[in-house]
Amino acid sequence: MKLRLSVAALTDAVSYTARALPARPPVPVLAGMLLTATTGTLHLAASDTEVYTADTTAAEVADAGQAVVPGRLLNDICSRLPKGADVDLELVDKGTRLAVASRSARFTLPVLPLGEYPALPALPGAVATVPAGTLAHTVAQVAIAASTDQTLPAITGIQLRLEGERLQLSATDRYRIARHELALTLTAPVPRKGAAKRRKPEPGEGPDPAAKDAAPQALVPSRALSEAARALDGEHALTLHWSEGLFGLATPGGRSYTTRILTAHQFPKTDFLLQGLGAVATWTLPVAEAAAALQRVALVATRNTPVLLVLDGATVRIEAGSGDDARGSDRVSVNASGEFGDGFTIAFNPGYLADALKALDAPEAELHISKADKPVLLLPRLGEGAQTPYQHLLMPVRLSG
């Protein structure tokens, strides 16, 4: 293998591909990055067996070939090569080392056993396209509600459900639910897991009760999907790749990020919570002012203690602290309508409430409230007649007494 390309191109491709390198490789060869040189092209790939990254860049290839080299070391070297220069890569010492040369800088890296490197799965078939920026924004809004508790894998994922040409993303950690819908352009049918098992209704019988769940869906690890959406963000379209076991994103330039679907786990049923709220009051708050007041007051909220929101005329009083502990309060304006009057109090985990306000990404927030101990639906206020594709359900903290 012998090739030449620009330092900028190699650095960009290596730094992206290194995202899938495991911090603690289960086997030594997985610390490596697979380099494949073919006519006019250098292809790079890495994996931790759960996620797979790949990139392609143009190169002047004198000799085609493959090599697995220490990925993090190669990434460090590339980041310090002379900017604006070219770099030569060549297998030397009978293929046991990779020489990296740029101007006066010279390195040789040991080559890992190519035969021990696991076969990487092919990118699944393309099923749709979506603007990269739109997907990155949507995933960020939803992922905030995903759990990080690895002992409960079903709630560490983001559920993707395709309904027509709209993709619904949902996440929950049992204390909150975030859901967003975005439009996409379908290019091929999406695999339907278990479609063959749905029975046909008998004559005179209503629709198949499983039909509601007939929409293609997948549970994708939140961390992987968030990383992929951030890494592939930009002013371009992304292609969605979907099979029964894998989900991937790819750019027009050949850069891709693939992750395994959590096929052994079932995402909790959340539709009934979002649809059966039965709100009897609505509070409209300015998001920036509410977030700033919450941040100040939360300074005196000790571990695992809530902040209180108390309706007081045309304001909501935000309070924290009690007894001999430090206390704090602040006020924000509110437009309140519905059944609750002055003195109505509802409590929240301050971190969860701050996350919800941030995720709304709007000047004003609507809080739809049914009771002080029932879930509250937060929506971005978009104006009369406008419908939001984003919903954030937050469970209040029960107050004693």
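Quick caveat: nothing in here was measured; it's all calculated off a predicted structure. (Residues numbered from 1 in each chain as written. Predicted model: local features only at pLDDT ≥ 70, side-chain atom pairs only at ≥ 80, totals over all residues. Heavy atoms only, no water.)

> Sorry, what's going on with the overall build of the chain here?
Along its length, the chain carries seven helices and 27 strands. Counting only C-alpha atoms and orienting by the principal axes, one finds that the chain spans roughly 80 × 65 × 40 Å. Burial statistics for the chain: of 401 residues in total, 45% are counted as buried. Between the mean site of the 38 positive side-chain charges and the mean site of the 40 negative ones, the chain shows a separation of 4 Å. (Helix = DSSP H or I, 4+ residues; strand = E, 2+ residues; numbered from the N terminus. Buried < 20%, exposed > 50% of the residue type's maximum accessible area, 1.4 Å probe, protein only. Lys, Arg positive; Asp, Glu negative; His and termini not counted. Charge placed at Lys NZ, Arg CZ, Asp CG, Glu CD.)

> Even after reading the chapter, I still don't get the nonpolar core, so can you show me in this structure?
A general feature of soluble globular proteins is that nonpolar side chains tend to end up buried together. If you look at the biggest cluster of nonpolar residues, it comprises 98 residues, and the most contacted ones within it are Leu-42, Trp-242, Trp-283 and Leu-309. Ranked by residue count, the leading element in this core is helix α3 (residues 132-143), at six residues. Excluding its chain neighbours within four sequence positions, the residues that come into contact with Trp-283 are Leu-309, Leu-311, Val-316, Val-334, Asn-335, Ala-336, Phe-344, Ile-346, Ala-365, Glu-366, Leu-367 and Ile-369. (Core = buried A, V, L, I, M, F, W, Y, C linked by side-chain atoms within 4.5 Å. Contact = heavy atoms within 4.5 Å.)

> What exactly am I supposed to notice about the confidence of the model for the chain here?
Of all residues in the chain, 93% attain a pLDDT of 70 or more, and the chain-wide mean is 92. The low-confidence segment residues 194-212, where pLDDT is below 50, has twelve contacts with residues more than four positions distant or belonging to other chains. (pLDDT = per-residue confidence, 0-100.)

> Please explain the environment of Thr-53 as it appears in this structure.
Among the structural elements, Thr-53 can be located in strand β4 (residues 51-58). What makes Thr-53 buried here is its relative accessible area of 2%. Ignoring any residue separated from it by four or fewer positions in sequence, one finds Thr-53 in contact with Tyr-16, Thr-17, Arg-19, Ala-20, Leu-44, Ala-45, Ala-46, Ser-256 and Tyr-257. Polar side-chain contacts of Thr-53 include one of 2.6 Å to the backbone oxygen of Thr-17. (Polar contact = N/O pair within 3.5 Å; in protein donor to acceptor, adjacent residues only side chain to side chain.)

> It is not clear to me how unusual backbone geometry should be interpreted in this structure. Could you clarify?
Residues apart from glycine generally show negative phi values, whereas peptide bonds are mostly found in trans. In this structure, Asp-93 takes a positive phi of about 50° despite not being glycine. Structurally, Asp-93 can be placed in the loop between β7 (86-92) and β8 (97-102). In this structure, Arg-103 is a non-glycine residue whose phi angle is positive, near 55°. Position of Arg-103 among the secondary structure elements: in the loop between β8 and β9 (105-110).

> Explanation requested: the side chain of Asp-173 in the structure shown.
Here Asp-173 lies in the loop between β12 (166-172) and β13 (176-183). We classify Asp-173 as buried; its relative accessible area is 7%. Within polar-contact distance, the side chain of Asp-173 engages the backbone nitrogen of Tyr-175 at 3.0 Å. The contact partners of Asp-173, leaving out residues within four places of it in the chain, are Ala-145, Ala-146, Ser-147, Ile-155 and Tyr-352.

> Explain the packing of aromatic side chains to me, please; I cannot follow it from the model alone.
Each aromatic ring pair is described using two quantities: the centre-to-centre distance and the angle formed by the ring planes. This model, assessed by the stated rule, comprises four aromatic pairs. Taken together, a centroid distance of 5.8 Å and an interplanar angle of 80° make the contact between Trp-242 and Phe-247 edge-to-face. Accessibility classification places Trp-242 together with Phe-247 in one group, the buried group. One aromatic cluster is present, built from ring pairs that chain together Trp-283, Phe-340 and Phe-344. (Phe/Tyr/Trp six-rings, centres within 6.5 Å; stacked < 30°, edge-to-face > 60°.)

> Quick question: what am I supposed to make of the packing of α3 against helix α4 (residues 222-231) here?
The geometry of a pair of packed helices is captured by two quantities: the angle between their axes and the separation between those axes. In the contact formed by α3 and α4, the axes pass within 9 Å of each other and the chain directions differ by 150°. By the angle between their directions, the pair α3 and α4 is classed as roughly antiparallel. The chirality of how α3 crosses α4 is left-handed. Mapping the contact onto sequence places Ala-136, Val-139 and Ala-143 in α3 and Ser-222, Leu-225, Ser-226 and Ala-229 in α4. A per-class count over the contact of α3 with α4 returns five nonpolar, two polar and no charged. (Axes fitted to C-alpha atoms, helices over the stretch in contact; angles between N-to-C directions. Parallel < 35°, antiparallel > 145°, perpendicular 65-115°, else oblique. Left-handed = near helix turned anticlockwise from the far one by under 90°. Nonpolar A, V, L, I, M, F, W, Y, C, P; charged D, E, K, R; others polar.)

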